[in-house]
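Observations on the three-dimensional arrangement
So you can see what is in the structure, the chains are spelled out below.
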Amino acid sequence: MASIAAVKHFVPEQIISNDDLSAFMETSDEWIRTRSGIEQRHWLRRGNEKFKSMTNHEMVYNAALQALNEAGLAKEEVDAIVYATISPDNEVPGSGVLLQQLLGIKDPIPVVEIRNQCSGFIFGLMVARSYVDSGSSKCVLVVGAEIQSSGLDLSTAGRATTVLFADGCGVAVIIPDTCSEGIHQILGIKLVTDGQYADKLGIRYPGFSRPVTVAPDDFDNGATGLFPEMDGKFVFKMASHFMPEVIRDLLKEHDLSPAQLKMIIPHQANQRIIDMLQASFAGEVSVFSNIAHYGNTTAASIPIATSEAISKGLIKSGDLIALVSFGAGFSWGACLIRW
Amino acid sequence: MRSDVVWTSSRISSEMDCTPLVCGVSLASDGFHKIANPYLSECFEAPHSLVRAAPELAPSDGAVEAASKTLIDLGLKIENVDLLISSTQTPDLNNPSLASTILYKLGSKVVPGLEIKQSTAGVHYALDIASKLIQLKQRRCVLVVATEFLSRYFAGYHDSLTISDFQKVMRSRSSDAAGAFIVTSQKYLENFGDPQVKTLQIDSLFVGSDPQAWDSYAVLLPSSSQFPIRLSREDVIEGKHFPYIDQSKFISASNRVLRYMIDRKFSEFSVGQVCSAKIAIHAPIEAIKYNEVINSTDRIEDLFPDKGFLGSVGVVEHLKDFISQTASKRGFLVGIGSGVQIGGAILGIR
């Protein structure tokens, strides 16, 4: 059975506070905190050259080395990479092959480039688990990584989404479970997609539904199609319903109950959603939150949160934990882990 | 549990045979037209014709047509599917993924949609993931859809725009297509679909990336690493978001990874033994460029001269050809694309 040997994260040095944002758009710390719970976020080299510039895969390389070191494994032992991002270094090929190159892995290995937005990491765990459980891989890196700051509207017109999204990455090392106690085992994964609301959260251009993927005219009138667009209230309503439901469904499939859960680690989209999740499992389980410090890092959100929860000693051996995501698509999912 | 879920838990009887099979291979045809290549004079070794999707078609429309044909041919409904894998580098929207839209248009509200972006190796990666999930009984019926509307990268081109020679080469071969198939077990077909359909068994499969020449065929923009903005108006005006290919670099790199794959991963099947009739390669270059490695170019099936470069859908077209022919029993199918990503599969007709 596939197990998680380690999870580590990395975020850019530069911290952008809510007050920093109010210097170039009409917003305020109070407005952002009350609506999202976010106090600050990490952005890569935003107008300050003293902070180190790096690419998406270079950011991941830092986290990958830490994770491999924690797992007691060498770079050369990586035999598959599963890379979830919506902000790759290039449009084609993806960032996974660049990470492979940076790790110095010369022989061809499977490198899967996943585009599943906020649920990308859990989709990635599904793929990695199949590689390990089938015996074809012994050391899979599952990556959730985003550099979103280069794709945000920094004017007041973009404030509804710009204040939310941030940069960062997390890497999990997935290996076969050879320990009889079954430490850190992935017990089950459940994923759902409902595409009828694809227009409620996403970025339109460049896209291929029109004969022209992107045109100079698209940059006029605020270039709205080139930046994230979101119906926040609707997304909140859907997330509030389906995040607890998918956890309960997955627990039921494995003859487990919420009372047996130690912790839920949700995608960090909004503190109100996290509070809703806590309320729906009131008194039964704690729900982890770090959105105040990191913002919404899309595919990186869950591995960053998991890495922090582990490093803070909040998860102990034998604990049953649930990762849960909800994001653009809409796609959502949960993963049960016996830590 | 959502009340509109028809299928039950993904955990299934241990008695069910879970050898993964490929079946129901279909291609989209409505709104797709072959045209004489208007760029023949620009590029030596360009295909003589290309395929174009009608301007009003979205990639999801082509994908849904192919997927619908697949389901109908197999006597299945979308409710029988427990995973969609979408292989594409040309989604309707930048995000969310094309998988979401395909599933919605097929009438599903629950089937999860995995989206992968692996260039021409995408279908092999989808086969790899699907077959593992089927064998492990973590899924029972996987719908694979490949969609590539590659010509639309260049649709914004106008005569006053200067594009590089490497970009002209890609423009001279980029085509549009969509295809689909199912990966499932014989037992599942017997229980839920048409057990009489022709199927392909996957005897051996390899996927891998050799990144040494990742920039030999690429689309560099948008780039999250470009500041202050990942794609600017000037970038679009200057065509910096168009694909390009350095043919000599790609030929060298792809031959290297093809030789690695055959020598290390298909050593038990020498190409001459396997193929009584069928070898097929799809890549953004002519298959004859792989003569050094394959050494059987007179037998290599190649769509390129007639249809151009179809991305991962080129592999689906070859799958359809394999599954429909009666003469040979086995085939060796290869897809090579940006990365350099490669997929290779030995398939047997049942």
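What you see is a predicted model, and the numbers here were worked out from it, not measured in a lab.

1. Details of the side chain of Ser301(A)
Residue and element names in this part refer to chain A. As for its placement among the helices and strands, Ser301 is situated in helix α10 (residues 301-311). A polar contact is formed between the side chain of Ser301 and the backbone nitrogen of Gln268, at a distance of 2.6 Å. Once residues lying within four places of it in the same chain are set aside, the contact partners of Ser301 are Pro266, His267 and Gln268.

2. Some words on the side chain of Ser209(B)
The residue Ser209(B) is located in strand β8 (residues 199-209) in this model. Side-chain polar atoms of Ser209(B) contact the side chain of Gln100(A), separated by 2.7 Å. If we ignore the near neighbours within four places in the chain, the residues touching Ser209(B) are Val97(A), Gln100(A), Asp107(A), Pro108(A), Ile109(A), Val111(A), Tyr125(B), Gly339(B), Val340(B) and Gln341(B).

3. A look at the interface of chain A and chain B
Of the residues lining the interface, 80 residues belong to chain A; the matching set on chain B comes to 79 residues. When chain A packs against chain B, close to 6700 Å² is buried across both sides, 56% of that on carbon and sulfur atoms. It is Glu91(A), Val92(A) and Phe208(A) that lose the most area in chain A upon contact with chain B, and together they represent 12% of the buried surface on that side. Scanning the region where chain A abuts chain B turns up three salt bridges. Between Arg233(B) and Asp220(A) there is a salt bridge whose closest N-O contact spans 2.7 Å. At the surface where chain A touches chain B, the tally comes to 36 residue pairs in polar contact (both at pLDDT 80 or more). Ranked by residues supplied to the side of chain A that touches chain B, first place goes to helix α5 (residues 120-133) of chain A with seven residues.

4. Remarks on the layout of surface pockets
Estimates place the volume of the largest pocket at around 900 Å³. Along its surface, the largest pocket is lined by 47 residues, and Ala160(A), Thr161(A), Leu164(A), Met230(A) and Gly232(A) are the ones closest to its centre. For the lining of the largest pocket, the secondary structure elements donating two or more residues are α2 (29-36), α6 (159-162), β9 (201-202), β10 (229-230), α7 (232-253), α8 (271-280) and β13 (320-327) of chain A. When residues in the lining of the largest pocket are grouped by element, the largest group, six residues, is from α7(A). Its residues assigned to classes, the lining of the largest pocket shows 23 nonpolar, 17 polar and seven charged. Ser136(A), Asp128(B), Lys132(B), Leu205(B) and Phe206(B) are the residues nearest the centre of the second largest pocket, which is lined by 25 residues in total.

5. Things to note about the packing of aromatic side chains
With the rule as written, the count across this model stands at 14 aromatic pairs over all chains. Consider the rings of Phe206(B) and Tyr260(B), whose centres lie 6.4 Å apart with planes at 50 degrees: the pair is tilted. In this pair, Phe206(B) sits in strand β8 while Tyr260(B) sits in helix α7 (residues 247-265), placing the two residues 54 residues apart along the sequence. Accessibility assignment for this pair places Phe206(B) and Tyr260(B) in one class, buried. Three or more aromatic residues joined by ring pairs form one cluster here, namely Tyr197(A), Phe234(A), Phe242(A), Phe326(A), Phe330(A) and Trp332(A). The side chain of Arg159(A) reaches across the aromatic face of Trp31(A), ending 5.5 Å from its centre.

Rules used in this analysis
Residues numbered from 1 in each chain as written. Chains lettered and ligands numbered in written order. Predicted model: local features only at pLDDT ≥ 70, side-chain atom pairs only at ≥ 80, totals over all residues. Heavy atoms only, no water. Helix = DSSP H or I, 4+ residues; strand = E, 2+ residues; numbered from the N terminus. Polar contact = N/O pair within 3.5 Å; in protein donor to acceptor, adjacent residues only side chain to side chain. Contact = heavy atoms within 4.5 Å. Buried area = accessible area lost by both parts, 1.4 Å probe. Salt bridge = Lys/Arg side-chain N within 4 Å of Asp/Glu carboxyl O. 1 Å grid on protein atoms, 1.4 Å probe; cavity = no way out; pocket = protein on both sides within 12 Å on 5 of 7 lines; lining within 4 Å. Points joined across faces, edges and corners; volume = space filled by probe spheres on them. Nonpolar A, V, L, I, M, F, W, Y, C, P; charged D, E, K, R; others polar. Phe/Tyr/Trp six-rings, centres within 6.5 Å; stacked < 30°, edge-to-face > 60°. Buried < 20%, exposed > 50% of the residue type's maximum accessible area, 1.4 Å probe, protein only. Lys NZ or Arg CZ within 6 Å of the ring centre and 35° of its normal.

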